[in-house]
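Reading the structure
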Amino acid sequence: MDRIRIRGGRALSGTIPISGAKNAALPLMATALLTDGPLTLTNAPDLADVTTMSGLLAQHGLEVTRDKVARTITMSGGATNLEAPYDLVRKMRASVLVLGPLVARFGQARVSLPGGCAIGTRPVDLHLKALEQMGAQIEITSGYIEAKAPGGLKGARIIFPQVSVGATENILMAATLAQGTSEIVNAAREPEITDLAACLMRMGARIEGLGTDRLVVEGVPALGAAVHPIIPDRIEAGTFACAAAITGGQVLLGGARLDHLGAVVRILRDAGVDVAEVDGGLKVSRLNGLRGTDVVTEPFPGFATDMQAQFMALMCVAEGAAMITETIFENRFMHVPELARMGARINFHGASAIVRGVPKLAGAPVMATDLRASVSLVLAGLAAEGETIVNRVYHLDRGYEHVEAKLAAVGADIERLPG
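Residues numbered from 1 in each chain as written. Predicted model: local features only at pLDDT ≥ 70, side-chain atom pairs only at ≥ 80, totals over all residues. Heavy atoms only, no water.

Quick notes on the overall build of the chain
Helix and strand content of the chain: 14 helices and 24 strands. For the chain, whose C-alpha radius of gyration is 21 Å, the value lies close to the compact-globule estimate of 22 Å for 419 residues. Along the first, second and third principal axes, the C-alpha set of the chain runs to 65 × 45 × 45 Å. Burial statistics for the chain: of 419 residues in total, 56% are counted as buried. For the chain, the proportion of contacts with a sequence separation of at least 24, taken over those separated by at least 6, is 73%. Accessible surface, the chain as shown: approximately 15,500 Å² in total, 50% of it carbon and sulfur. (Helix = DSSP H or I, 4+ residues; strand = E, 2+ residues; numbered from the N terminus. Rg over C-alpha atoms; globule rule 2.2 N^0.38 Å. Buried < 20%, exposed > 50% of the residue type's maximum accessible area, 1.4 Å probe, protein only. Contact = heavy atoms within 4.5 Å. Areas by Shrake-Rupley, 256 points an atom, 1.4 Å probe, with all protein chains shown as cover.)

A look at the pattern of salt bridges
The full count for this structure, using the stated rule, is 23 salt bridges. In this structure, E387 and R5 form a salt bridge, with 3.9 Å as the shortest nitrogen-oxygen distance. Of this pair, E387 sits in strand β23 (residues 387–391) while R5 sits in strand β1 (residues 3–7), placing them 382 residues apart in sequence. For the salt bridge of E146 with R110, the shortest nitrogen-to-oxygen distance reads 3.0 Å. Of this pair, E146 sits in strand β9 (residues 144–148) while R110 sits in strand β7 (residues 108–112), and the two are 36 residues apart along the sequence. (Salt bridge = Lys/Arg side-chain N within 4 Å of Asp/Glu carboxyl O.)

As for the pairing of strand β15 (residues 250–254)
Sheet analysis places strand β2 (residues 13–17) next to β15, joined by 5 bridges and oriented parallel. Bridging from a neighbouring strand, I16 pairs with L253 of β15. Judged from the 5 bridges that link them, β15 and strand β17 (residues 281–285) form a sheet pairing that is antiparallel. Across the sheet, Q250 pairs through a bridge with S285, a residue of β17. (Pairing = 2+ DSSP bridges.)

Quick notes on the packing of helix α6 (residues 165–175) against helix α7 (residues 191–202)
Relative to each other, α6 and α7 sit at 10 degrees, their axes nearing to 10 Å. Considered as vectors, α6 and α7 are oriented roughly parallel to each other. Side by side, α6 and α7 meet where V165, T168, E169, L172 and M173 of the first sit next to E192, I193, L196, A197 and L200 of the second. Of the residues that constitute the contact of α6 with α7, the class distribution is 7 nonpolar, 1 polar and 2 charged. (Axes fitted to C-alpha atoms, helices over the stretch in contact; angles between N-to-C directions. Parallel < 35°, antiparallel > 145°, perpendicular 65-115°, else oblique. Nonpolar A, V, L, I, M, F, W, Y, C, P; charged D, E, K, R; others polar.)

Quick word on the sheet that holds strand β13 (residues 214–218)
In spatial order, the strands read β10-β11-β13-β12; together these 4 strands make up an open sheet with mixed pairing. Edge positions in the open sheet fall to β10 (157–159) and β12 (206–208), since each of these has one partner strand only. Strand-to-strand twist of the sheet, defined as the mean angle between neighbouring strand axes without regard to direction, takes the value 15 degrees. Here α6 sits on the sheet and contacts β10, β11 (181–185), β12 and β13; the angle it forms with β13, its principal contact strand, is near 25 degrees.

Considering the packing of helix α4 (residues 99–106) against α6
In the contact formed by α4 and α6, the axes pass within 8 Å of each other and the chain directions differ by 15 degrees. When the interaxial angle is binned, α4 and α6 end up roughly parallel. Note that α4 runs across α6; the crossing there is right-handed. Residues L99, G100, P101 and A104 of α4 pack against N170, M173 and A174 of α6. Partitioning the contact of α4 with α6 into residue classes produces 5 nonpolar, 2 polar and no charged. (Left-handed = near helix turned anticlockwise from the far one by under 90°.)

Some words on the sheet that holds strand β14 (residues 226–229)
Spatial ordering of the open sheet is given by β4-β5-β3-β14, a layout of 4 strands whose pairing is mixed. Because the sheet does not close on itself, it has two edges, and the strands there are β4 (63–67) and β14. For this sheet the average axis-to-axis angle between neighbouring strands, irrespective of direction, equals 15 degrees. In terms of strand pairing, β4 meets strand β5 (residues 72–76) through 5 bridges, oriented antiparallel.

Looking at the environment of A405
Tracing the backbone shows A405 in helix α14 (residues 403–408). Measuring from C-alpha to C-alpha, the distance between A405 and E415 comes to 7.7 Å, with 10 residues separating the pair along the chain.

Here we look at the state of the cysteines
In the structure shown here, the tally under the stated rule is 0 disulfides. Counting only cysteine sulfurs, C242 is the nearest neighbor of C316, a cysteine outside any disulfide, at a range of 11 Å. (Disulfide = S-S within 2.5 Å.)

Some points on α4
By the criterion of burial, α4 is predominantly enclosed, with 6 of the 8 residues buried. In this structure, the buried side of α4 is in contact with α1 (22–30), β7, α5 (125–133), β9 and α6. Downstream of α4 by one or two residues, G107 has phi in the positive range, about 80 degrees.

What about the packing of aromatic side chains?
Summed over the entire model, instances satisfying the criterion amount to 2 aromatic pairs. With centroids separated by 5.6 Å and ring planes inclined at 65 degrees, the aromatic side chains of F303 and F311 adopt a geometry described as edge-to-face. Residue F303 is classed as buried on the basis of its relative accessible area, which comes to 2%. With a relative accessible area of 1%, F311 lands in the buried category. Sitting above the plane of the Y144 ring, R110 keeps its charged end 3.9 Å from the centroid. (Phe/Tyr/Trp six-rings, centres within 6.5 Å; stacked < 30°, edge-to-face > 60°. Lys NZ or Arg CZ within 6 Å of the ring centre and 35° of its normal.)

As structure tokens, then:
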């Protein structure tokens, strides 16, 4: 199993190109089930999760062609298999996004309950209840969701009791082929949702309310072919912003968009990090000390839960203390013991952690537990004295494209060690 070795203490300098967003690519790929296509996605990232989704769509019967040089994925042909098996779905929670499109187009689906990072239960109840409101009959048997809508889905007014990105995506896709008009209230407002809606509209869907918490979808009989560019990955951009800040460096995040980062920019600025919009992306630098800054994770445009671990690593070397409160996932502090191995001073109870900054972290062997936790350990290693070895980096490969190569190109002493 691969590991990453880091020798810290180098300030980063240069340009880091931001890849297409993982959290946008996966639902966009699922839209291919709504049409015979072809659907071509450009700016596609080379990630393990994209490979998993490609395999899932291929076993559904789609023809999937990836060109890693041109950074495109093309999917075509209708689904011939309406089951998403456990062996594939267990690798990635986003696999449940095939449920809505399959039921909407074919009137039935059998999808394994999802797997993925162990950072919380992330139940699919919201997805299932909304589909039931649209006329689907749902049963869970032997670990599988069995959904049937023999007469097709019907438009409905869906009011989510809490904001859910995955449920919003699933129901948005399903509603495009439902009979009549659907209204999705308390919809997630993440940039990935708007990107998904934009792609669906290119395919012929009728959607209003992009960027708001109320989406109105008028169902159409069929969707067609389209070419759609995937937005830049805001979480990757935020991660590399933290990398520049934690090393006292200066980087240009090529292609990153300020409007996609939401509260992350404000919090970074409060902590003493300069984030400026320039031609070609965002310029990030930290010339003076870091300040302890409190943060609470919230749905967009609030501070992203996917940035919590990275910001915690940054606060480990800030002056003063920071309280970090996690409101989205209940098990998302699993990186704390590993950061503590490197000399971080962190106490946590329940949903909050108090981080008291230290002058220096010390390199150590550490273990990644999930995608964002793993990259937080890389960030800590960049700032630490001595050598850090990050084990179980397959988590990193799920969501970061060639992270060690990108960091090495801007001055980090980092390399991947084959297992």
